[in-house]
Amino acid sequence: MLSHSDLIKYTTGDVFLQWMEIYGPVYQLRFPTDNRIITFEPDHIKAILATQFDAFDKGPILYEQFTGLLGTGVFNSDGDMWKFHRSMTRPFFSRERISHFDIFEAHADDALRQAAKRLAAGHPIDFQDLVSRFTLDSATEFLFGHNVDSLAAGLPYPENSHVQNSPSFLNHSSNIFVDAFLAGQILSSLRTRVGPSWPLAEFWHDKIVPLRKIMDRFTEPLLVQALAKKAAQEKDNKTEEDSDTLLTHLVNHTQDINVLKDELLNLLVAGRDTTACALTYAFYMLAEHPKIADRLRQEIFAKVGPSNRPTYDDMREMKYLRAFINGACPDAPVLMVHGRGVAIIPTSVSSILDFYSNRMSCKAAIWTSKTPGSKPYYVPANTRILYSIFNMHRRTDLWGPDALVFDPDRFLDERLHKYLTPNPYIFCPFNAGPRICLGQQFAYHETSFFLVRLLQQFTGFALAPDAQPEWSKPPAKWAECGGRKATEKVAPGIHLTMYAKGGLWARMEGLTK
């Protein structure tokens, strides 16, 4: 059992692994406002997500912290409301819909054309910004049938560049939307750090409400148009059997504009930020491991060719590409897009808690203990649970002595059958159980498609530390820590997902074919 004063002594996320070595994979933290059980035991995560699913909810505390941003959407609801959102969204994510790559192709080609032009002019690019625009435009077109056209704003220049970002870039409508979107996520994340007493920090006014209004100004006209179309069809006794967008599909299930706004924003968080995060850290690994990049390109050229568009079957057959994505994607708290192999370490007590996903026990539960001779764990009702996929993915007893080494082959060779196959809950990149991500194949396809296009057109992937803002670089003291942390070149930031602080400034070369 650990007190708040114990926490203050430590400044890095490494402490959770250190405590695991001392106390085991389950322990309790005492805070002034509440107690929390911490676990990164696969059997307990399996219980939370699947076998004892009915005993663990998001809970009222988390709901209140995120309701300003996410409302009653699928990521912020329990019980019947969650079941309603889930049931009306699930049918749209069929193989036929997520295998139509026209949206990916249009926005990926636009993004990479702009990247090539900026690089040719001698400037580095913020790869994180590039893929965030790609995923935002792709997600909004998939969801609404109308994208925010964020790539039309252009790409940013580094802070230290002699070329300044133009007013048209800074004031582009998509950037205004994204700035509010990002600020809302950061403020929501800060509420979880404060705990149940978070309203005291916003005593005079809710800081997220005005940001949500900015976001709603984009979605409301589209919703009104979709609802009007639905009403006209009903008046004429017509039905639209095959919805061409998720929005059209949703209005066939409910005409409550607030429910629709909440659901679309929830799905936009999942569709934009998580995939952008995965692609950002995938590029980081390409830059750090050029031999892996070469091997990926060899597989892509063998299956797809140097310029062809990949198909659904191509993606299924590119085993090394899938293994690379599994290995490269970092953990994205709350939305549960988790991965392995990037040993990014958070740097404060507040931020390390964000590497944990929250649940609250709505009734008492019993967890097994793997400690020989010990009794099962009793989890009282109304107890906050924090489970860490991030740290579970770093456990050498679960993944082998090379757990922190980036190696996609661990998902292909004998290590797959030794570690993962007999214990599948040690790897939960898209959650599990009833809340398993409906868009997991959509995310894999989008990530794979962009990486295929990237590797077909570019080589020589490298970070650009001269363009990276000084404030965003890993602190110098990390070099004294040893292990992977000593060599990390990217410092993570946290809101609802992980991101690279200050962006991921990079250079690459056009591929001569």
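Reading guide: rules and limits
Residues numbered from 1 in each chain as written. Predicted model: local features only at pLDDT ≥ 70, side-chain atom pairs only at ≥ 80, totals over all residues. Heavy atoms only, no water. Pairing = 2+ DSSP bridges. Helix = DSSP H or I, 4+ residues; strand = E, 2+ residues; numbered from the N terminus. Core = buried A, V, L, I, M, F, W, Y, C linked by side-chain atoms within 4.5 Å. Buried < 20%, exposed > 50% of the residue type's maximum accessible area, 1.4 Å probe, protein only. Contact = heavy atoms within 4.5 Å. Salt bridge = Lys/Arg side-chain N within 4 Å of Asp/Glu carboxyl O. Axes fitted to C-alpha atoms, helices over the stretch in contact; angles between N-to-C directions. pLDDT = per-residue confidence, 0-100. Nonpolar A, V, L, I, M, F, W, Y, C, P; charged D, E, K, R; others polar. Phe/Tyr/Trp six-rings, centres within 6.5 Å; stacked < 30°, edge-to-face > 60°. Lys NZ or Arg CZ within 6 Å of the ring centre and 35° of its normal.

A. Molecular detail of the pairing of strand S12 (residues 505-510). Here strand S4 (residues 125-126) pairs with S12 via two bridges, running antiparallel. Note on S12: the bridge partner recorded for Ile125 is Ala506.

B. Region of interest: the nonpolar core. Counting 98 residues, the largest nonpolar core has Phe283, Phe324, Phe450, Leu451, Leu454, Phe461 and Met508 as its most contacted members. Considering every element that reaches this core, the biggest residue donor is helix H13 (residues 257-288), with 17 residues. With residues near it in sequence (within four places) discarded, Leu451 still touches Leu279, Ala282, Leu286, Ile300, Leu321, Phe324 and Ile325. Grouped together as the second largest cluster of nonpolar side chains are 38 residues, Val15, Met20, Ala403 and Leu416 included.

C. Focus on the pattern of salt bridges. The full count for this structure, using the stated rule, is 27 salt bridges. The shortest N-O distance in the salt bridge between Arg272 and Asp273 comes to 3.2 Å. Note on Arg272: relative accessible area 9%, which makes it buried. On the accessibility criterion, Asp273 (6% relative accessible area) is buried. With its nearest N and O atoms 3.9 Å apart, the salt bridge here joins Glu317 to Lys303.

D. Examining the sheet that holds strand S3 (residues 56-57) more closely. Strand order in the open sheet made by the five strands is S1-S2-S8-S5-S3, with mixed pairing throughout. Each edge of the sheet is formed by a strand with only one pairing partner; in this case those strands are strand S1 (26-30) and S3.

E. Just the sheet that holds S4, in detail. Strand order in this open sheet of three strands is S4-S12-S9, and the pairing throughout is antiparallel. The open sheet is flanked by S4 and strand S9 (458-463), the only strands paired with a single partner. Running at roughly 95° to S9, H13 makes contact with S9 and S12 of the sheet.

F. The confidence of the model for the chain, seen in detail. The share of residues in the chain with pLDDT of 70 or more is 90%, and the mean pLDDT across the chain is 85. In the model, residues 330-354 has pLDDT below 50 throughout and makes 116 contacts with residues more than four positions away in sequence or in other chains.

G. Region of the structure containing the packing of helix H14 (residues 290-303) against helix H16 (residues 319-328). Close contact between H14 and H16 brings their axes to 9 Å; oriented N to C, the two are set at 140°. Here H14 contributes Ile292, Arg295, Leu296 and Glu299 to the contact with H16, which in turn contributes Lys319, Tyr320, Leu321 and Phe324. A class-by-class count of the residues in the contact of H14 with H16 yields five nonpolar, no polar and three charged.

H. Inspection of the packing of aromatic side chains at higher detail. With the rule as written, the count across this model stands at 23 aromatic pairs. A centroid spacing of 5.8 Å and a plane angle of 85° characterise the contact between Phe324 and Phe406, whose relative ring orientation is edge-to-face. Here the residue Phe324 occupies a position in helix H16, and Phe406 occupies one in the loop between helix H19 (396-399) and helix H20 (414-420), the gap between them amounting to 82 residues. Comparing Phe324 with Phe406, the two get one shared label, buried. Among the aromatic residues, those joined into a cluster by ring pairs are Phe101, Phe104, Phe142, Phe442 and Phe449. The positively charged end of Arg295 is found above the aromatic ring belonging to Tyr320, 3.8 Å away from the centroid. Looking at Arg322, its charged tip hangs above the ring of Tyr444, at a distance of 3.6 Å from the centre.

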